[in-house]
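# Chain and residue survey
Below are the chains, spelled out letter by letter.
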Amino acid sequence: MPKLAISGLGKVGLMYDADPADMPINAVTDALNVRFAGREVEQGLGSQYEPYYTWMIEGMAEVCPMYLAQPIIYDGFSDGARLVFFLGESWEPGAMAIYSQNMSIPDFTGLTTIPDWPSSSRWSAYKGQINNCPFFGAQGFQPYGKQYDWEGVSTLPGWGEQTGGDQIVVTRRWSCKKLISFGNRLIMMNTSEESSGGVDLPYPTRLRWSGFTQQNAFPINWDDTALNRTPEEAAAAVIDGYAGWMDLASDTQLIDACNNGGTLFVYSERETFSVTPSGNANSPFVTKQVYSDCGVLDLGCVVNAKGYNYVFTGSDFVRHDSVRWESVAEGVCRDWLNEVVSTPRPGAVRLVNYPELNEIWVMTKGDDQEADDCAKTQCLTFNYITNTWSRKSLPYINEAVFAPIAPDSSVAGSTWDSMPGAWDDAGQEWGGAGLHIAQGTMIGLCAAGGVYYLNTGDVEYRHVYSAGAWSMQSQPLQCFIERRGLDLGDGVRSLVTRTEMSGTGSGRIELAMAGAETEGAGYSWDKQGIESLATQRRLTWLVDGNIHGYRLGFNGFGSIPSKLTIYFEDNGE
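Residues numbered from 1 in each chain as written. Predicted model: local features only at pLDDT ≥ 70, side-chain atom pairs only at ≥ 80, totals over all residues. Heavy atoms only, no water.

## Here's the deal with the pairing of strand β30 (residues 349-354)
Just so we agree on the cut-off: Burial status follows relative accessibility: with a 1.4 Å probe on protein chains alone, a residue under 20% of its type maximum counts as buried, one over 50% as exposed, and anything between as partly exposed. Numbering goes from the N terminus for both helices and strands, where a helix is a DSSP run of H or I of at least four residues and a strand is a run of E of at least two. If DSSP finds at least two bridges between two strands, the strands pair.
Counting buried positions along β30 gives 6 out of 6 residues, so the element sits mostly inside the fold. Covered by surrounding structure in β30 are Val 349, Leu 351 and Asn 353 together with Arg 350, Val 352 and Tyr 354, the residues of both alternating faces. In this antiparallel pair of consecutive strands, β30 and strand β31 (residues 359-364), the connection spans 4 residues, and Asn 358 shows a positive phi of 55°.

This is how it looks when you write it as structure tokens:
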């Protein structure tokens with residue numbers, strides 16, 4: 001009896017763009033909440049609401065939406081505890097506010113509201129930290145930060161300072177597209193600066209940097225004309241290094257930047273520049289254009305991982321170092337991503353690196369949202385070790401960030417060698433629902449309010465429209481892989497009669513087989529269950545068609561399939 005052996009189910013991964021007839025036999029045409037682990041396919045994990053991140057000392061959780069989160073190690077008032085700072089919706093309607101949470105003792109606190117920042121500008125907001133001092137800002141507005149020894153939040157020291165030839169220091173209006181920390185300085189990108197005549201002038205290709213910062217403090221000098229002061233005051237102003245600026249030779253505006261191995265790569269809409277320290281106090285940076293054909297779409301569309309920067313350009317997903325760049329989405333999901341941003345909107349795509357999983361998440365909005373709603377309900381995941389793609393569902397989030405796990409959390413897990421049961425027992429769960437990461441975990445800031453773990457458990461939370469209203473609802477985690485377009489008989493009509501599955505574990509798997517006359521004619525599916533790969537591997541079928549497909553669905557946790565063998569008979573031309 002002829003057969004088709006599909007080994008290494010986890011070797012190739014998801015391929016959205018390729019014609020099924022041209023795909024490798026072990027590639028899949030659709031997948032959700034699974035990880036392709038070389039030879040095998042593993043179930044992914046779900047999402048879980050965690051009230052601690054917004055739990056107040058009064059014993060209740062704040063549920064207003066948060067837009068950005070910035071963890072730090074500690075400050076002068078946290079008694080050594082780690083902290084997470086948030087930019088979120090204010091208690092004053094239409095504005096944004098900065099909050100903090102202590103990760104040892106719950107004390108979610110609203111530090112300040114910023115009425116000048118409308119919540120509608122949330123997709124142009126940015127975050128960062130330097131020397132354990134977090135800051136938040138938005139294009140068109142002055143940034144705010146929390147220094148280690150400050151009791152509250154304030155504007156940054158020296159921001160907008162300029163000294164005229166008359167030795168008088170004035171403070172001018174400054175704002176920028178992004179503020180980043182690099183080389184023990186803060187650097188503004190794509191600035192707007194008030195002139196001596198009181199007019200705000202745009203400088204879309206400008207980098208403006210501060211002097212050096214000291215331990216647990218923001219830099220105090222932004223004055224590139226500080227030497228116009230009296231000698232004594234000039235010496236005090238530049239003691240921590242000279243401030244300055246430069247305009248890059250770009251035809252498009254600067255968007256974002258990302259550090260890679262001591263080189264800051266600065267991205268315009270179409271180009272990539274490198275910024276490296278020069279060692280010269282008066283001219284501290286050397287810049288050059290690295291690529292003329294690699295830009296970035298939006299804020300948050302570049303991350304660093306394993307010695308490469310990964311960039312979503314708006315038409316491609318690429319990785320590069322200082323020598324070369326290459327597409328990692330071409331022929332796989334590039335067209336799919338292009339459709340997501342066919343009408344670009346601020347915040348439509350965000351990237352995040354999850355080092356513990358060796359994954360980059362390309363987070364996007366879903367198909368069931370309003371046109372102007374850019375909260376993320378799905379992401380494509382790229383494993384940069386196995387070079388495979390998959391897809392994951394998300395609980396309607398504004399941002400994802402790696403943060404400390406809440407104390408006494410139900411997902412904190414136990415150490416590997418203290419877990420009950422034998423590791424090689426087929427009756428034990430594989431890839432299970434526990435989270436075993438000591439440093440922290442990925443959290444998501446839900447646009448409907450609250451904070452969620454993004455990689456734990458066997459349930460997920462979705463933003464669902466029901467009874468005339470949207471709400472967050474939990475449901476069993478859906479995990480599957482699917483392959484269509486299998487031509488078993490080289491153009492001859494075939495009848496699938498039997499399948500055999502290889503793999504590890506004892507969890508339930510649902511296997512569905514389907515046949516169709518043509519790829520566009522629709523598939524007729526027949527589904528059966530495999531209770532355990534340890535005891536049941538063979539199923540019998542009568543599935544007829546010119547082309548065929550299969551779908552593996554995972555229920556709960558426990559099985560890691562690695563091979564599917566399909567037995568069939570020729571059934572005529």
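Here the narrative resumes.
## Comments concerning the sheet that holds strand β25 (residues 285-291)
Under the convention used in this document: Only the contacting stretch of a helix is used when fitting its axis, a line to C-alpha atoms as for every element, and angles between N-to-C directions run 0 to 180 degrees.
With antiparallel pairing, the 4 strands of this open sheet are ordered in space as β22-β23-β24-β25. The sheet is open, and its two borders are formed by β22 (254-260) and β25, each paired with just one other strand. Strand-to-strand twist in this sheet, taken as the mean axis angle between neighbours without regard to direction, amounts to 25°. Note that β22 and strand β23 (residues 263-268) share 6 bridges and pair antiparallel. In the sheet register, Asn 260 faces β23, and the bridge partner there is Thr 263.

## A word on the state of the cysteines
Selection rule: Note on terminology: disulfide denotes any pair of cysteine sulfur atoms within 2.5 Å.
Within this structure, the stated rule accounts for 0 disulfides. Here Cys 379 stays unpaired: no disulfide links it, and the sulfur of Cys 333, its closest cysteine neighbor, is 11 Å away. According to the relative accessible area criterion, Cys 379 is buried, its value standing at 0%.

## A word on the confidence of the model for the chain
Under the convention used in this document: Known as pLDDT, the predictor's confidence for each residue is given on a scale from 0 to 100. The contact rule is simple, with two residues in contact once any of their heavy atoms fall within 4.5 Å.
Per-residue confidence for the chain gives a mean pLDDT of 90, with 94% of residues at or over 70. Considering only residues more than four positions removed or in separate chains, one finds that residues 413-424, a stretch of pLDDT under 50, has 9 contacts.

## A word on the pattern of salt bridges
The condition is simple: The rule for a salt bridge is simple: a side-chain nitrogen of Lys or Arg has to be within 4 Å of a carboxyl oxygen of Asp or Glu.
Scanning the model with the defined rule gives 29 salt bridges in all. As a salt-bridge pair, Arg 493 and Glu 517 come within 2.8 Å of each other at their nearest N and O atoms. Of this pair, Arg 493 sits in the loop between β38 (479-486) and β39 (494-505) while Glu 517 sits in the loop between β40 (508-516) and β41 (524-530); the two residues are 24 residues apart in sequence, bridging distant segments of the chain. Arg 493 gets classed as buried once you look at its relative accessible area, which sits at 17%. As a salt-bridge pair, Asp 544 and Arg 493 come within 2.7 Å of each other at their nearest N and O atoms. Of this pair, Asp 544 sits in strand β42 (residues 538-545) while Arg 493 sits in the loop between β38 and β39; the two residues are 51 residues apart in sequence, bridging distant segments of the chain. The class for Asp 544 is partly exposed, based on a relative accessible area of 29%.

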